[in-house]
Amino acid sequence: MTPSSFSTRLTLFALLSATTFYFLYKSRRRCLKPLKHLPLNPNPRPGKLFFLTQTGTSKALAQRLLDLLSSKNNIPFDLVDPHTYEPEDLPKESLIIIIASTWEDGNPPQNSKFFVNWLADISTDFRAGNLLLSDCKFAVFGVGSRLYGDTFNAVARDLGKRLRGLGATEMVPVGEGDVDGGELESVFEGWSEKVVTVLKGGLVMENENDIVYESDVESLESDDDDDGEGGEDIVDLEDIAGKGPSRKKSVNVAETNGKLDGKREMVTPVIRANLEKQGYKIIGSHSGVKICRWTKSQLRGRGGCYKHSFYGIESHRCMEATPSLACANKCVFCWRHHTNPVGKSWQWKMDDPLEIVNTAIDLHTKMIKQTKGVPGVTQERLMEGLSPRHCALSLVGEPIMYPEINALVDELHRRRISTFLVTNAQFPEKIKMLKPVTQLYVSVDAATKDSLKAIDRPLFGDFWERFIDSLKALKEKHQRTVYRLTLVKGWNTEDVDAYSKLFVLGKPDFVEIKGVTYCGSSATSKLTMENVPWHSDVRAFSEALALKSEGEYEVACEHAHSCCVLLAKTEKFKVNGQWHTWIDYEKFHDLVALGRPFASDDYMALTPSWAVYGAEEGGFDPDQSRYKKERHHKSKR
């Protein structure tokens, strides 16, 4: 064979191959076009309804859909935990429905990582081909939080793309539920009805919004594609290397999830029901109040909380409240198990601060009245409890988010009610703008960026920068300031050096070091009693931290019952060898009324000997009667 004839044959072969590929490609694209009539298999194996869940929300939704499909419409489906499913069996399935949550950083929940990763791998494996699931019909619903921006329902969207890429036929567009938008239930209900309609009629619904998935190589074609019309909407062969045009409609935030005009209420009916079940009294549309167990304890003469030991708070006269149930973190040790809303900015209807204070006091006193007749509650203590002197703005959420927080603080101070405000160190500008409060806390849940992200699970992408700026803002405050450290064994108890380095940023007056409180099992947290430190652990950590400060801070007080220790600035609060961590509340209110600048040491008071670190009482007020419940454990710690 001569070189010229070989070249000619090679050229012809290349032309034939290219022509064949072109017509195959065009033919395949027509075959993949969404069909309006697609009969179901008359004798199918039961469909598979997968739930990809971290907190249990997706599982609950899947269970509800299963009941709708199987019990009410006689459409057989099996409820499947992907952790127990072999993904290589997917090609055998004819019907797949997936309810998928998106977890941290757009990742799938723990129970589904292998399943999701397998799909991702197989969809990019040329050996599998793009017809692997061509006999399968599917639908995906996503559960996520729009507050996480670009990662909102990332898992559900990716699953839809992977399944389409493997040749599966999408019955309805990917549904997207927002757990923090207040419309999850209604969106899921509407999506479920569409799925049932498709399955009962044996039809594949076309996307009513005419959405083209930009991530797919193929695009929808018009019926008269061969006539060359509508070509602007087609990604043709020569366009594959470039970015094809899209007909995807723009998203109107105000129409979909937004209601960002401040008209919607923060507390949805679902959130309200969850919080009220836990004993919270909801005030208006975004505030709450709850009677503390230590309030009940001191009403009965059985001792106050650690704030009583450290600062002289009268626990039976303390009101625990918040003007914002929303928070910017989803901490692993959250007492509320994330039943409260989350947000990065104020987006809701705003109630009047005077109304919030009046209602909070009214609801609090009603709860106090309910203790009348309880063993140990004397008439004297009951009457004192009906006149709150302190307000712990730390109930739940992020009180500093409330736009009228300064007006609310003024209303409390006008009634000579002290204010202990806790912020989660994500709003430094709010800290700078905050008027003097009796004591300002910043939660320092971790000392490094990675551990803070793991423990607090913040919404903000720049959470670490916000955290550092919040500590620096604390340094500029002149009233009493506190770092609050929550120790979680196995998470943040080894970071003594890192914590000590944070002291210079905020120069707090005090450092509270408390062992985490175990609040029972929760799908949002993997904490167990093994993560709860002993009081001896907290003491050891506190002593090591004080040693690192080289004398700037010393261990001043402790409350053994709460596994809590207080460090205080030695130079400021240790006068003539005696600690002055308590507060002269009357003098504080007098200073506020004067309207002139004042400092934290202007209203300090002597700490009683029983509250001092190392005292025999362990921080228990000897004027109270110690009461210990009988505990029956198989083994003692």
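What counts and what doesn't
Residues numbered from 1 in each chain as written. Predicted model: local features only at pLDDT ≥ 70, side-chain atom pairs only at ≥ 80, totals over all residues. Heavy atoms only, no water. Phe/Tyr/Trp six-rings, centres within 6.5 Å; stacked < 30°, edge-to-face > 60°. Buried < 20%, exposed > 50% of the residue type's maximum accessible area, 1.4 Å probe, protein only. Helix = DSSP H or I, 4+ residues; strand = E, 2+ residues; numbered from the N terminus. Contact = heavy atoms within 4.5 Å. Pairing = 2+ DSSP bridges. Axes fitted to C-alpha atoms, helices over the stretch in contact; angles between N-to-C directions. Expected span 1.5 Å × (residues − 1). Arc of directions from axis to C-beta. Disulfide = S-S within 2.5 Å.

The name recorded for the protein chain in an unreviewed UniProt entry is tRNA 4-demethylwyosine synthase (AdoMet-dependent), from Gossypium laxum.

A. Representation of the packing of aromatic side chains in the model. This model, assessed by the stated rule, comprises 23 aromatic pairs. Plain terms: the ring middles of Trp346 and Trp348 are 5.5 Å apart, the flat faces sit at 90 degrees to each other, and that makes the pair edge-to-face. Among the residues examined, Trp348 registers a relative accessible area of 4% and is labelled buried. Where Phe427 meets Phe460, the ring centres are 5.7 Å apart and the plane angle is 80 degrees; that geometry is what we call edge-to-face. With a gap of 33 residues between them, Phe427 in the loop between strand E11 (418-423) and helix H13 (428-433) and Phe460 in the loop between helix H14 (449-456) and helix H15 (463-475) connect regions that are remote in the sequence. Taking the relative accessible area as the measure of exposure, Phe427 reaches 8% and is therefore buried. The class for Phe460 is buried, based on a relative accessible area of 9%. Cluster of aromatic residues (ring-pair linked, three or more members): Tyr306, Phe310, Tyr311, Phe420, Tyr441, Phe510 and Phe573.

B. Inspection of helix H3 (residues 113-123) at higher detail. Taken residue by residue, H3 has Phe115, Val116, Trp118, Leu119, Ala120 and Ile122 as its buried positions. Buried residues along H3 sit against strand E1 (47-52), strand E3 (95-101) and helix H4 (154-165).

C. Spotlight on the sheet that holds strand E8 (residues 287-290). A sheet is described by the order of its strands in space; here 10 strands give the open sequence E7-E8-E9-E10-E11-E12-E13-E14-E16-E15, paired in mixed fashion. Two strands lie at the open edges of the sheet, namely strand E7 (281-283) and strand E15 (553-559), each paired on one side alone. Adjacent strand axes in the sheet meet at a mean angle of 25 degrees when their direction is disregarded. Of the strand pairs in this sheet, E7 and E8 are connected by three bridges, and their pairing is antiparallel. Paired with Ile283 across the two strands is Ser287, which belongs to E8. Together, strand E9 (318-322), strand E10 (390-393) and E11 form the strand contacts of helix H12 (residues 405-414), whose direction differs from that of E11 by roughly 150 degrees.

D. Representation of helix H5 (residues 184-201) within the structure. With 18 residues, H5 should cover 26 Å at 1.5 Å per step; its first-to-last C-alpha distance of 26 Å lies within 8% of that length. Taken together, the buried positions of H5 are occupied by Leu184, Phe188, Trp191, Ser192, Val195, Val196, Val198 and Leu199. Each buried residue of H5 lies within a common arc of 160 degrees when the element is viewed along its axis, so the set occupies one face. Turned more than 90 degrees off the buried face of H5, the exposed positions are Thr197 and Lys200. If you follow the buried residues of H5, they end up packed against helix H2 (57-73), strand E2 (77-80), E3, strand E4 (137-144) and strand E6 (175-178).

E. Fine view of the state of the cysteines. Summed over all chains, the structure comprises zero disulfides. Left unpaired, Cys391 is separated from the closest cysteine sulfur, that of Cys318, by 7.1 Å. Cys564 forms no disulfide, and the closest cysteine sulfur to it belongs to Cys563, at a distance of 8.8 Å. Classification of Cys564 as buried rests on a relative accessible area of 0%.

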